[in-house]
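Spelled out from the first residue to the last, the chains are:
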Amino acid sequence: MSETIFNGIGASPGIVIGRVYLLDRKKVVVAGQRIEEVNVKSEVARFKKAVEVSKGQLEDIRKRYTRDLGKSHRYILDTHIMLLEDKMLVEGTVKRIKDVRINSEGALRETIDAIAKKFDAIEDEYLRERKHDVEQVAERVLRNLTGKKQESLAEISEEVIVIAHDLAPSDTLMMRKDKVLGFATEMGSRTSHTAIVARSLGIPAAAGLEKITSSVRTGDVVILDGNHGTVIVDPDEQTFLDYLRRQQRYKYFEAELDKLRDLPAETLDGKRIHLQGNIELPEEVATVARHGGVGIGLYRTEFLFLNRQHLPTEEQHYLAYRDVAERAAPNEVVIRTLDVGGDKLALPDQYEEEPNPALGLRAIRFCLQNRDIFRAQLRGIFRASAHGKIKILYPMISALPELQEIKRLMDDVRSELRAEGVPFDERLEIGVMIEIPSAALTADLLAPEVDFFSIGTNDLIQYTLAIDRTNEHVAFMYEPLEPAVLRLLQRVSHAAHEGKIGLAMCGEMAGDPLYAAILMGLGFEYLSMNVAAIPWVKKVVRSVRMQDAVELADLVMRQPTAVLARQAALSFMHQRFPELMAEI
Ligand code: PEP
Ligand code: MG
């Protein structure tokens, strides 16, 4: 059979060759069968055994998972284990086996359907949502009853390349890095959260590969090139050898970049650029340092809210932020307040389904309407600020009044803490994310109110060009070098410099070595990125003079189209960094 090539988007760099594990989320099909009275007892025993096996599997995952990823993601597993002790589910099924005299599979399916109906009638959306947990747990029991494989990435025991229609951020977090060589999905894009998690775990990934799941089977040999977003199924010999060479060259180059780790990110003429890491878990602080980053420019706190039944308390916020600040000390940590909605997780309280979540009650809008949640987080951050160098960053600011409202709330929090005698950093700096065009256009109005701007290009590009960042059909149009985007960047830079405040970028654009010199030329001194990108960007920083960077930025800014801007940037970069460019 000849090879088949799928082209998508590079979601996380690296080249891997291996066998496919096709993640199939389809429900197990079961046949409900009548059983004889004499067999009831053994059928009940069979069911109970499957429940015990399922419990054992989950406990095992929890053990491994906790060790690999820290305790913050244990909650969903706790919930699922508890469900296996749930009366409605377990005893309900046993009763059905006895009363209706059907086999375990049929009885369990009927029980789940009955439970699902009860859930559907519940007013409270959060509780209603728990239906999925029950279904997932029951699905596991059914798979154990029917001898089907469990579809959990945490349980994969051989080295594989996972191919799936879609993966949730929680799936990617559960992947065992030593077993999952890489993954490829039909959905998603470079800036979807799943891709971001893949990069932070250092797993090569490609996304937006339309219809790939119907063309591969578990066990097929594939090549996954996360640099270019390509997957080749059943490669022929020539391709195989070619990619083996590429893989070796890439590994060699990565090892070379490693040598830069402890060297400063300084241009040839001595200008320091602050290269920082984007993280979602406290455990990642060490990874940033290992890649040569200094401090955390974006700590996405949504992950604190992930996979848990209850919202984090102020104390839990405080402990998590203190942990991050202490790990990062003496370097700074920029903590971004909760950004839910869009392609991110939905909170238990985000009851309503929105027709356009990216334009809906997301991030700061949600927080300002859910003051208790916001206040708990703010108090946690302020309290943690006594233990390290913390800055606060507010996402999705669209106009000045929002910022004024936040500042009033911060004043309240400060007064409360002072009255309670709780220590915090009185000089704690605050910044806003510039990720909505209206904020970029009014940056001069926002600047006097804050200590720094941090540009979130993932959203800024999405909202400027009207391109859904998670939609694979338009992912090819997602272009940081569009004149409209560049002009907004320049405008924000100007406002920051006029207002004498800090200027950072923490969107994915900051981590692409092709853009590093342009951004430096535009006046960015802080670039925060996924950890894997730090050495690449550092290489660029250490190879240029500021004068060159400014000239390149001018040249790129003068181009009337993104295509010409890209050509100009590429030819500059090819001249300066031929080996680097051969790899990216
Ligand atoms: C961004 O929008 O560029 C950003 C950094 O935030 P997030 O990707 O978390 O939306
Ligand atoms: Mg954003």
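Okay, so let's go over this structure. (Residues numbered from 1 in each chain as written. Chains lettered and ligands numbered in written order. Predicted model: local features only at pLDDT ≥ 70, side-chain atom pairs only at ≥ 80, totals over all residues. Heavy atoms only, no water.)

**Notes on the overall build of the chain**
Looking only at helices and strands, the chain has 22 helices and 16 strands in total. Every one of the 584 residues in the chain was classed for burial, and the buried ones make up 56%. Sequence separation of at least 24 residues holds for 69% of the intrachain contacts in the chain that already meet a minimum separation of 6. Summing over all exposed atoms, the chain offers an accessible surface of approximately 25200 Å²; the carbon and sulfur share of this is 51%. (Helix = DSSP H or I, 4+ residues; strand = E, 2+ residues; numbered from the N terminus. Buried < 20%, exposed > 50% of the residue type's maximum accessible area, 1.4 Å probe, protein only. Contact = heavy atoms within 4.5 Å. Areas by Shrake-Rupley, 256 points an atom, 1.4 Å probe, with all protein chains shown as cover.)

**Side note on the coordination of the magnesium ion (ligand 2)**
Bound to the magnesium ion (ligand 2) on the protein side are Glu435 (OE) and Asp459 (OD), at distances that span 2.0 to 2.2 Å. Here the residue Glu435 occupies a position in the loop between β13 (429–434) and α14 (437–441), and Asp459 occupies one in helix α16 (residues 457–465), the gap between them amounting to 24 residues. With relative accessibility at 2%, the residue Asp459 sits in the buried group. (Donors = N, O, S within 2.8 Å, 3.2 Å for Na, K, Ca; no water.)

**A few points about unusual backbone geometry**
With an omega of 5 degrees, the peptide bond between Ala329 and Pro330 qualifies as cis. Counting through the fold element by element, Pro330 comes out in the loop between α10 (314–328) and β11 (332–336).

**Looking at helix α3 (residues 87–100)**
If you check α3, its first and last C-alpha atoms are 18 Å apart, about what 14 residues at 1.5 Å a residue would give, namely 20 Å. Of all the positions in α3, only Leu89, Val90, Gly92, Thr93, Val94 and Ile97 are classed as buried. Of the residues flanking the start of α3, the one acting as N-cap is Asp86, its side-chain oxygen 3.1 Å from the backbone nitrogen of Met88. Looking at the residues trailing α3, positive phi occurs at Arg101, about 55 degrees. (Expected span 1.5 Å × (residues − 1). Polar contact = N/O pair within 3.5 Å; in protein donor to acceptor, adjacent residues only side chain to side chain.)

**Looking at the packing of helix α8 (residues 237–258) against helix α19 (residues 534–543)**
One can describe the packing of α8 onto α19 by two numbers: an axis separation of 9 Å at closest approach and a directional angle of 65 degrees. Considering the angle they form, α8 stands roughly perpendicular to α19. Considering the relative orientation of α8 and α19, their crossing is left-handed. Contact residues: Tyr250, Phe253, Glu254 and Leu257 in α8; Pro535, Trp536 and Lys539 in α19. Of the residues that constitute the contact of α8 with α19, the class distribution is 5 nonpolar, no polar and 2 charged. (Axes fitted to C-alpha atoms, helices over the stretch in contact; angles between N-to-C directions. Parallel < 35°, antiparallel > 145°, perpendicular 65-115°, else oblique. Left-handed = near helix turned anticlockwise from the far one by under 90°. Nonpolar A, V, L, I, M, F, W, Y, C, P; charged D, E, K, R; others polar.)

**Focus on the sheet that holds strand β2 (residues 9–12)**
Picture the strands of a sheet paired through backbone hydrogen bonds; they go either parallel or antiparallel. Read from one edge to the other, the open sheet built from 8 strands follows the order β1-β8-β7-β3-β4-β5-β6-β2, with strand pairing classed as mixed. Of all strands in the sheet, those with a lone pairing partner are β1 (4–7) and β2, marking the two edges. Each adjacent strand pair in this sheet contributes to an overall mean axis angle of 30 degrees, direction not counted. Strands β3 (15–22), β7 (221–225) and β8 (230–233) of the sheet are contacted by α8, whose axis makes an angle of about 120 degrees with β3. (Pairing = 2+ DSSP bridges.)

**Considering the nonpolar core**
The biggest cluster of nonpolar side chains holds 104 residues, and the ones touching the most others in it are Tyr299, Tyr394, Phe453, Leu489 and Leu527. Those residues within four positions of Phe453 in sequence are excluded, and the remaining contacts are Val432, Ile434, Ala443, Leu446, Ala447, Val492, Ala495, Ala496, Ile501, Gly502, Leu503 and Ala504. In terms of nonpolar packing, the next biggest core, distinct from the first, is built from 29 residues, Leu58, Val137, Val141 and Leu142 among them. (Core = buried A, V, L, I, M, F, W, Y, C linked by side-chain atoms within 4.5 Å.)

**Some thoughts on a nonpolar patch on the surface**
Among the surface-exposed residues, Phe240, Leu241 and Leu244 lie close enough to one another that they form a single nonpolar patch of about 210 Å² accessible area. Here Phe240 is to be found in helix α8. On the accessibility criterion, Phe240 (30% relative accessible area) is partly exposed. (Patch = residues over 30% accessible without salt bridge, like charges linked within 9 Å, V, L, I, M, F, W, Y side chains within 5 Å. Salt bridge = Lys/Arg side-chain N within 4 Å of Asp/Glu carboxyl O.)

**What about the pattern of salt bridges?**
What the rule picks out here adds up to 35 salt bridges. Here Glu105 makes a salt bridge to Arg46, at a shortest N to O gap of 2.6 Å. With Glu105 in helix α4 (residues 104–120) and Arg46 in helix α1 (residues 40–69), the pair connects residues that are 59 residues apart, well separated along the chain. Given the relative accessible area of 9%, Glu105 is considered buried. Looking at Arg46, the relative accessible area reads 31%, which means it is partly exposed. Between Arg576 and Asp548 there is a salt bridge, and its shortest N-O distance comes to 3.1 Å. Residue Arg576 is found in helix α21 (residues 562–576), and its partner Asp548 is found in helix α20 (residues 546–557); the two are separated by 28 residues along the sequence. Among the residues examined, Asp548 registers a relative accessible area of 16% and is labelled buried. Ionic contacts of the salt-bridge type, sharing partners, join the residues Glu314, Glu315, Arg375, Arg379, Arg383, Glu416 and Glu420 into one network.

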